[in-house]
Protein chains: 4
Amino acid sequence: MIIVMQKDAAKSDLESVEKKIIELGYQPHIIYGETRNVIGAVGEERGKEKLQTLQSMSGVENVVPILKAYKLASREVQPQSSEVEIVPGLTIGGKEFVVAAGPCAVEDRDQICDTAVAVKQAGARLLRGGAYKPRTSPYSFQGMEEDGLKLLAEAREITGLPIVTEVVNPRDVELVARYADVMQVGARNTQNFALLKMLGQLDKPILLKRGMSTTIQEFLMSAEYILSEGNRRVILCERGIRTFETATRNTLDISAVPVLKQQTHLPVIIDPSHATGHASLIAPMSYAAAAAGADGLIVEVHPCPEKATSDGPQSLRPDDFQVMMDKLREFVKVADREMA
Amino acid sequence: MIIVMQKDAAKSDLESVEKKIIELGYQPHIIYGETRNVIGAVGEERGKEKLQTLQSMSGVENVVPILKAYKLASREVQPQSSEVEIVPGLTIGGKEFVVAAGPCAVEDRDQICDTAVAVKQAGARLLRGGAYKPRTSPYSFQGMEEDGLKLLAEAREITGLPIVTEVVNPRDVELVARYADVMQVGARNTQNFALLKMLGQLDKPILLKRGMSTTIQEFLMSAEYILSEGNRRVILCERGIRTFETATRNTLDISAVPVLKQQTHLPVIIDPSHATGHASLIAPMSYAAAAAGADGLIVEVHPCPEKATSDGPQSLRPDDFQVMMDKLREFVKVADREMA
Amino acid sequence: MIIVMQKDAAKSDLESVEKKIIELGYQPHIIYGETRNVIGAVGEERGKEKLQTLQSMSGVENVVPILKAYKLASREVQPQSSEVEIVPGLTIGGKEFVVAAGPCAVEDRDQICDTAVAVKQAGARLLRGGAYKPRTSPYSFQGMEEDGLKLLAEAREITGLPIVTEVVNPRDVELVARYADVMQVGARNTQNFALLKMLGQLDKPILLKRGMSTTIQEFLMSAEYILSEGNRRVILCERGIRTFETATRNTLDISAVPVLKQQTHLPVIIDPSHATGHASLIAPMSYAAAAAGADGLIVEVHPCPEKATSDGPQSLRPDDFQVMMDKLREFVKVADREMA
Amino acid sequence: MIIVMQKDAAKSDLESVEKKIIELGYQPHIIYGETRNVIGAVGEERGKEKLQTLQSMSGVENVVPILKAYKLASREVQPQSSEVEIVPGLTIGGKEFVVAAGPCAVEDRDQICDTAVAVKQAGARLLRGGAYKPRTSPYSFQGMEEDGLKLLAEAREITGLPIVTEVVNPRDVELVARYADVMQVGARNTQNFALLKMLGQLDKPILLKRGMSTTIQEFLMSAEYILSEGNRRVILCERGIRTFETATRNTLDISAVPVLKQQTHLPVIIDPSHATGHASLIAPMSYAAAAAGADGLIVEVHPCPEKATSDGPQSLRPDDFQVMMDKLREFVKVADREMA
């Protein structure tokens, strides 16, 4: 941590800060500058926040952190990439580029089972589908809850595809875990720390979505919540951030893929459906994701988007999904990855 | 809802959309334009989302909502302003400009009790203090939990100030409600719908903070979640939004005050501490809030900011708080409001 | 244009708006709704802004535009994609994926000529280099001006590569045009309409960069300024937008590529250097651009980034550029395009 | 400047950076840390950018600036606040809270002269009006140009109010300066450095608006462009920044007022019209500006907003302006300032 003193800070201020740094267990190194002095505080910063409080001390202008605040998520700590096992024979973060697909919400037996069969045939390796839906409006469809989970399980039975589904309430973690192969944390819950802590105690892979105004650093801190509770199977998902641009539902931060790949060993996938909000943009964004080095995708596919209870406009029809997957396979190959 | 057809949409597309609109219970009115046709769908839109699905139909370019999606929160539905009773004799949203103050987190008995006495003396009408802290890092202090609630209750005993404190987990709602006079929903939980629904069933006022990337429309939809469950005592709090500017922790959206006042009957207060992140900016932003028409403030005050376990840099010392309150009283008077 | 009346608008308000719509040369169509009325104003909206003024009339709640405000840039008006000829034999927007490369700023003869030779060999088809540099600080290097243009011309002589260089002042348009093959408008000048108008009168292709807070709609309006003056050779360039994320210099809005491709016939290229600000992110973003359907790239290459007068950290070394180009060629092929 | 080395940086990397720092004229101070080393480079950083290039050197992780890049604009360099004289007897930045008012664009003789008389009577001290209008659409009214300037001069003759008007093209600086008392730089030209440099050579006060995505640091660097050319009469104007929120045209960054007041000695005013885009929000934002410590306002007033060629919806009618000014006077007084 670097502590920048004010231009006119008194000598006694400098001494107080120096003393305080020692008190907190760090070693102070003063650099006497031309217009102001700065103090480097040497010591393991991670897991300690106390140095930040120096900012309130007399004569201090600014406190600048040097190290990242996450540890277990950091590639510095674990240089080799993590391969997260979903089920035996299916891993995210390794050689395979993995696609999860399915409807936004589970609506009925036919809808979810037909979609499951179709996406499997096109090459998807996981089935997605929401049984608990966090909706902006209390008047919107809120999901089929446990009935939806049962239908997902039925679709898994039929197709063999493991299922990924969202959990929104710490109370439901146990129930959802009874059905799901991968527990999804949605963008509105990226910083729902109570939920993250419970998921950290689970023996299931977690798909953690980035919040729409979560920085990459905060995103990795949220992953750290899960990791620090003992669950090391975390998959990160970039799904668009909120910006001033309204042509798309969100702005896909595609450069988050290589940035995350540099900073963390965790796998990174892309959700082109929520990122763009338009079915016609899913294919180009999926190709871009593969080219940028992502480990996979999670895509919304609905047999009849105009009848969907939610997110119809951003869902692909099964036929279009098939066409996309065929082209995607070529991009994935150039990216030195494989697809089923 | 207005449905805009594509320039080259077929006559059969137009007819299908028309038919679908009728099916969904609305009346279609076609306007034949020079380059494209638009259809107005007449009917009560609120509580229905289905028209949005028309976007996936062939020939449809865009679907433009006309009405706001919230109802109970709307000033159109309830023209007179709501006055939310906190405890007998204390109301937010009426003539009085109400200030809540206290530390970010409850740390120990002396800290919270001394602060309570100091802020009461300066004119605060509520004591704030966090017992459950949603922290970005799992390694940061997470709050004293129930012990903190007990200390808050003790401070209330001493000063008579009702207490406002945050709840972060639906599981803790009942426990927190046993101690708190006002239940606070923090910015990270503005769209934690599971939590909002539970709070909607409570007979306690709720202080709902705006999320850092929540639009005003979404913010009011979150209020609607609470209102639609039966709890009408909702107080809105603007606490800064996330923008590109880094000179402040967030950007205080001061114009949200009059915008909210136009769109909703609910009271609106400002949190200048989280909005700015710097103690030196709290006073000017508090004055601005009063001048802009806010109903109150929630401010961080700590007896010794450099020892605070969290948010020290954005906490006022009791002396500075006293000075600010004295000046604030003058602005409040010009704004035709009163302060204790 | 759709005019939404207030819930309690008087009958006379509705009539006044109706009358005004006729006055302005449109045909009004009233839709009587359950809670409020809306009026559709039929007529060619483009090129007229007057209907927006209805917003100030009594009883009007909102005015919602239906048509896009640009015309010449619109794919609706010109369905086939534009191929912009740079020099005979080199076209952007056709089958070829075109890469422009070179240093941020021209610094000296060796620097620009060596770079030109290197990027040509790697497959670049244009040489980029700034002679006029818009710098945030008045104390930063402002460019070599005409001397820089002369060195660019020399590098062109040696390599045969046409040159693209920025013009920042309407006063310099004529001078820069004497040397440049493509005139670049930088992100800070996207809405410098005086400059755009002058460039619209030129017989040279224009590379128009998106401003860092320019919406796609505004970006196309800026293109419209050039097109409407008669110059149809406009190339659009997405170079990152400003968001809350600080891990990258800007946030590359990769979905702008397919969105622009839907809305306009103009070619679209990507600047991965300014978008990210880090050399290590250029290659993955270049691959993503090709996969997303872009028509080309403009990339910063510097023989010795640590000695660059500007933007060193986001410049590739010639060797790394060569490696990237070789991989890029494979992605371009899968995207059904060709590269030299 | 602090140079943070990578965790695994070689000893030779550290030595190379050290050597380079000396070469550039600074003194290196190495702090050996537990996980990585950092180097403080001591010396006057301002006016030098070269240290930033260290980022491209082998083994360097990050380069963190300690000092602000502006000098003449800095309150550190000039502690006392600048009072900018407009005309003899009228100063911005002193005891008086100064209001400029008038229409967005000059449209005809009656419009500008009537407005001038009305705003003067209500207490405005400057007349605003645009003769050159930077419009997003090439099809919108672009201003009356010199004819507009002449009408402004006539209105000044009648009322005695000095005039503030925008210049958008370096070519027009001389012409506009012949008429204007204050030269305005609009939000789209905040980083039009060619224009800023010319204005820096003028003997006229400059009203510099913040761009919609300009950080406070960049804003002060733009002021520095003018100051460094010799013109010390710069007035800063916050007019809203671009965010995700669409309820207002822009988001008024009210905390920019006290932040700027801390960082610079230059006067700061607020433009509530462009910041909000709605006439009904102008009064509360004006009161907030006064309460937050601004030195004045620039407000749009139009005798008949529904006939305005631009920005009608955000213009006050003269009557409403009068009402606002009367209330504003009270807030200004509490803020220890005076109004005519």
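Residues numbered from 1 in each chain as written. Chains lettered and ligands numbered in written order. Predicted model: local features only at pLDDT ≥ 70, side-chain atom pairs only at ≥ 80, totals over all residues. Heavy atoms only, no water.

- By the naming in an unreviewed UniProt entry, chain A is 3-deoxy-D-arabinoheptulosonate-7-phosphate synthase, taken from Desulfuromusa kysingii.

### Let's talk about the overall build of chain A
Item 1. Along its length, chain A carries ten helices and 14 strands.
Item 2. By its C-alpha atoms, chain A is 75 × 45 × 40 Å across when sized along the principal axes.
Item 3. Relative to its full complement of 340 residues, chain A shows a buried share of 65%.
Item 4. Excluding contacts between residues fewer than 6 apart, the proportion of contacts in chain A whose partners are at least 24 apart in sequence is 67%.
Item 5. Only carbon and sulfur atoms are counted for the fraction: they give 47% of the accessible area of chain A, which is about 11,300 Å².
Item 6. The averaged location of the 45 negative side-chain charges in chain A is 2 Å from the averaged location of its 39 positive side-chain charges. (Helix = DSSP H or I, 4+ residues; strand = E, 2+ residues; numbered from the N terminus. Buried < 20%, exposed > 50% of the residue type's maximum accessible area, 1.4 Å probe, protein only. Contact = heavy atoms within 4.5 Å. Areas by Shrake-Rupley, 256 points an atom, 1.4 Å probe, with all protein chains shown as cover. Lys, Arg positive; Asp, Glu negative; His and termini not counted. Charge placed at Lys NZ, Arg CZ, Asp CG, Glu CD.)

### Re the relation of the copies chain A and chain B
Item 1. Once chain A is rotated about the relating axis by 180 degrees and shifted along it by 0.0 Å, it coincides with chain B to within an RMSD of 0.0 Å. Such a combination of turn and shift is consistent with a two-fold rotation axis. Among all residues of chain A, the minimum C-alpha distance to the rotation axis is found for S213 of chain A, at 3.0 Å.
Item 2. When the interface residues of chain A are mapped onto chain B, 100% of them again fall at the interface, so both copies present the same face. (Least-squares fit on C-alpha atoms with pLDDT ≥ 70 in both.)

### So, the pairing of strand β3 (residues 37–42) of chain C
Residues and elements named next belong to chain C.
Item 1. Across the six residues that make up β3, a large majority, five, are buried.
Item 2. With three bridges joining them, strand β1 (residues 2–5) and β3 adopt antiparallel strand pairing. Within β3, the position partnered with V4 by the bridge is V38.
Item 3. One ladder, built from six bridges, connects strand β2 (residues 27–32) with β3; its direction is antiparallel. In the sheet register, Q27 faces β3, and the bridge partner there is V42.
Item 4. Hairpin connection between β2 and β3: a loop of four residues separates the two successive antiparallel strands. (Pairing = 2+ DSSP bridges.)

### Some remarks on the domain arrangement of chain A
Item 1. When its domains are assigned, chain A resolves into domain 1 (2–64) and domain 2 (84–334).
Item 2. Here domain 1 of chain A and domain 2 of chain A have C-alpha centroids that lie 44 Å from each other. (Domains from an automatic or database assignment.)

### Focus on the pattern of salt bridges
Side-chain pairing between opposite charges can occur once the charged atoms of the two side chains come close.
Item 1. Enumeration over the complete set of coordinates arrives at 84 salt bridges over all chains.
Item 2. Where R36 of chain A meets E76 of chain D, a salt bridge forms, and the shortest distance between an N and an O atom there is 2.3 Å. With one member in each of two chains, R36 of chain A in the loop between β2 (27–32) and β3 (37–42) and E76 of chain D in the loop between β4 (60–64) and β5 (84–87) form a pair that bridges those chains.
Item 3. Where R233 of chain B meets D203 of chain B, a salt bridge forms, and the shortest distance between an N and an O atom there is 3.2 Å. (Salt bridge = Lys/Arg side-chain N within 4 Å of Asp/Glu carboxyl O.)

### Regarding the interface of chain C and chain B
Item 1. On the side of chain B, 24 residues touch chain C, which itself brings 24 residues to the contact.
Item 2. Across the interface of chain C and chain B, roughly 2,000 Å² is buried in total on both sides, 69% from carbon and sulfur atoms.
Item 3. When the buried surface of chain C facing chain B is broken down by residue, I31, I66 and E76 of chain C rank first, second and third, together holding 26% of it.
Item 4. The tally of links between chain C and chain B comes to two salt bridges.
Item 5. Here chain C is connected to chain B by four residue pairs in polar contact (both at pLDDT 80 or more).
Item 6. Those elements that place two or more of their residues in the side of chain C that touches chain B are β1, β2, β3 and β4 (60–64) of chain C.
Item 7. Here the residues of the side of chain C that touches chain B are counted per class, giving ten nonpolar, six polar and eight charged. (Buried area = accessible area lost by both parts, 1.4 Å probe. Polar contact = N/O pair within 3.5 Å; in protein donor to acceptor, adjacent residues only side chain to side chain. Nonpolar A, V, L, I, M, F, W, Y, C, P; charged D, E, K, R; others polar.)

### Some details on the packing of aromatic side chains
Item 1. What the rule picks out here adds up to eight aromatic pairs over all chains.
Item 2. Centroid distance Y287 of chain C to F331 of chain C: 5.0 Å. Interplanar angle 25 degrees. Geometry classified as stacked. Highlighted residues: Y287 of chain C in helix α9 (residues 282–292) and F331 of chain C in helix α10 (residues 318–334), separated in sequence by 44 residues. Accessibility classification places Y287 of chain C together with F331 of chain C in one group, the buried group.
Item 3. Geometrically, the ring pair formed by F193 of chain D and Y225 of chain D is stacked, given 4.5 Å between the ring centres and 20 degrees between the ring planes. (Phe/Tyr/Trp six-rings, centres within 6.5 Å; stacked < 30°, edge-to-face > 60°.)

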